[in-house]
Amino acid sequence: MADAGNAGLQQWAAEIGAQEEQIRQGGGEKAAARQHEKGRLTARERIATLIDPGSAPLEIGLWAAFEMYPEWGGAPSAGVVTVIGHVAGRRHMIIANDATVKAGAFFPATAKKVLRAQKIAFANRLPLMYLVDSAGVFLPLQEDVFPDEDDFGRIFRNNAVLSAAGVSQIAAIMGNCVAGGGYLPVLCDKTLMTEGSGLYLAGPALVKSAIGQEVSSEELGGAEMHAAVSGTIDFRESDDEACLKRIRRLAAAGRPDSAEPPPPFHRAAASPPSRPAEDLYGLVDPDPRRDYEVRDVLACILDGDSFEEYKPEFGQTLVCGVGRIGGFPVGVIANQHHRVTTAEGRFEFGGVVYVESAEKAARFVMDCNQNWLPLVFLQDVNGFMVGRESERSGIIKAGAKLVSAVSNSRVPKITVLIGGSFGAGNYALCGKAFDPRFIFAWPHARCAVMGGAQATSTLLDITVKSLERQGHAVDAAELAALRDKVKADYDRQADVRYAAARGWVDAIIDPAHTRDALVAALEIATRHAAEEPFRVGVYQV
C-alpha cells in the first residue's frame, strides 16, 4: 500500500482498485475452468447474467477474509459474492456461493458475510436471491462456523424470519447443497434446481458410512428425484442459463421499484455538487497530520447550495447540517479536521469530540429523527477530549447523550470513514456496532481503539513490563526492535483492509465515488421506514 507520507489519495484509490480486481478472480483461472468443465458458470458470471443489462450493482463485503486463513490457502471474498442489483427492474440482494474457492465451503467469515447481507436485506426490505453452490461447512474450522448466534445456523433462522416478514426469497441450487445447508433453499419461497446438482442432508459417501446404503448422487438427491418424488423443489432446470432465465421471469412477477421513495421519505430533483468529486483527491491528504476543511469535502458530495449548517458557531469540531444528496434530504454529521477557536478564545483540535460538539450533535440527531431525515456520518475522529477540564465539564455525559441518540434513531444511518475512526468516536458517530444501513470507507481510513502513536507507546510499555517480570532486561537495541514490531502489528490491524476483511465496513470506495455510493445507499435505505416511534432512554443532565 502507498505510504501516507508521500502518496496522494488518488494513488491509494488506484492501488485498492487493483487489489480488488485480483480478489474478484476468486479461486483463479484453473478453478474457474473446472467449473466450466462441469457446464456451470462461476458465481460472478451467474450474477452478471442475472441482473438487468446496463445496471450497476453495489457489492457488499468484497474484502471479506482478506489475508485470513493463510494456513488453508486463503478464502478470497470469503467464498461468497453478495451484491445488490436490479433484476426485472427491482433491486434484490443476491448471495452467490463461489465454488472456485474451496468448493464454496463456509468459513467463519463466509457465515458472517451472508448474515450481514441478510441483515441489510431485512432492514431495507430487499427481496433475496440465493445462488447455491456450496460444499457446506469448512470442517477444519467447524467450531467457529457451526453453533453460535452469529454462525451458520443463524442463516436458516433468518430465512424463516424474512419469510414471515413478507420479504421474498428465491433459491436456486446450481451445484452442491449438502448437510445443514440444505435447509436454506427449502426455507425460501421458491426453489429451483439444475440437472447435475445435489441436495441432501448427507452425501453418498456419508450415507454408506452411516447406514451401509449404497446410492448414487442422482438417486439420493438429484434434480429429477426432488422434482418428481420428494416434491422439494418447484422448478427443475437443464442448466445455469435456463435457471437464471427462470429466476428473471419469476422476479418479473413482482412489482418493480418505484422511482420515488415511499412516505415519510421523499426525493427532490437532484443538482450537481458545487465542486467536482475529483477535488477530493487534493482536499484530503492521507497523512492524518495534514489539516483540511470538511465543508469543502461536503461541497464535493452534497447537491449544490443545499447545505444548511446547524449551530455553526457552537461545538465547531463537529459540522452538522441538512442538505441533499442526489435529491434525498439528509442530515450530515462530519468531523472538522483543523483547529478551531471557541467564542471564549479556547483552541480545540480537529478530529476531537468536545462537550459542546457532542451535545450539538445529539440534539441534531434527535431533530433529524423528528423530520425523518436519513443520517450521513463522515468520520475522521480521534476520539473524545480527555483531561481534567474535559472530565469536569461532563464529557462522558455529553458523549453518552450522543451515543443514546444515535443508538435509538429510527431513520436510516449511513457511515463513511474518510480518515481515522478511533475509540469511542467510532461508536458515537455510528460505527458498525450501531447499525448503519451501510458503512463505507476511503482507502486510507484507519479503524482501531486509538491512534497508532498512542497505541504503540502503550503496547510497548505492556510488553516491556511483561518481559521484565519474567526476568528479562530489555536493552536499547531490543527496545527499538520491539517498538518497530509493535507499531507494524498495530498499523496492520488499523488498516481499513483489515477492517473490511472482518466485516467492520461493507465496502472500500474511491473517494471520488462517494456521492454515487451514498445515492445508491439512500435509494435502498429509503425503501422502508421503521414503524417504531423515535424515543430515547434516560439522559444524564
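The structure we're discussing is the one just above.
Cut-offs and rules
- Residues numbered from 1 in each chain as written.
- Predicted model: local features only at pLDDT ≥ 70, side-chain atom pairs only at ≥ 80, totals over all residues.
- Heavy atoms only, no water.
- Disulfide = S-S within 2.5 Å.
- Buried < 20%, exposed > 50% of the residue type's maximum accessible area, 1.4 Å probe, protein only.
- Helix = DSSP H or I, 4+ residues; strand = E, 2+ residues; numbered from the N terminus.
- Pairing = 2+ DSSP bridges.
- Right-handed = clockwise from strand over helix to strand, strands pointing away.
- Core = buried A, V, L, I, M, F, W, Y, C linked by side-chain atoms within 4.5 Å.
- Contact = heavy atoms within 4.5 Å.

Caption draft 1: Seen up close, the state of the cysteines. A complete count under the given rule lists zero disulfides for this structure. We note that Cys177 lacks a disulfide partner, and the nearest cysteine sulfur, in Cys188, lies 9.8 Å from it. Looking at the unpaired Cys300, the closest cysteine sulfur is the one in Cys320, lying at 19 Å.

Caption draft 2: Quick look at the pairing of strand 3 (residues 90-97). Counting buried positions over the eight residues of strand 3 gives seven, a clear majority of the element. Bridge count between strand 2 (residues 80-87) and strand 3: eight bridges; the pairing is antiparallel. Considered in strand 3, the bridge of Ile84 is made with Met93. Between strand 2 and strand 3, which pair antiparallel in sequence order, lie two residues; one of them, Ala88, sits at a positive phi of approximately 55°. In the sheet, strand 3 pairs with strand 4 (residues 128-134) via four bridges, with the strands oriented parallel. Bridge pairing links Ile94 to Met129 in strand 4. This β-α-β element, strand 3 to helix 4 (residues 108-124) to strand 4, shows right-handed connectivity.

Caption draft 3: Local environment of the nonpolar core. Counting 94 residues, the largest nonpolar core has Tyr130, Val297, Ile325, Leu378, Phe438, Phe440 and Trp442 as its most contacted members. Examining the composition of this core, we find that seven residues originate from one element, helix 4, more than from any other. The residues contacting Val297, other than those within four sequence positions of it, are Leu280, Leu283, Val284, Tyr292, Leu378 and Trp442. In this structure, Val365, Cys368, Trp372 and Cys430 belong to the second largest nonpolar core, which totals 30 residues.

Bear in mind that shape data such as this cannot, by itself, settle questions of function.
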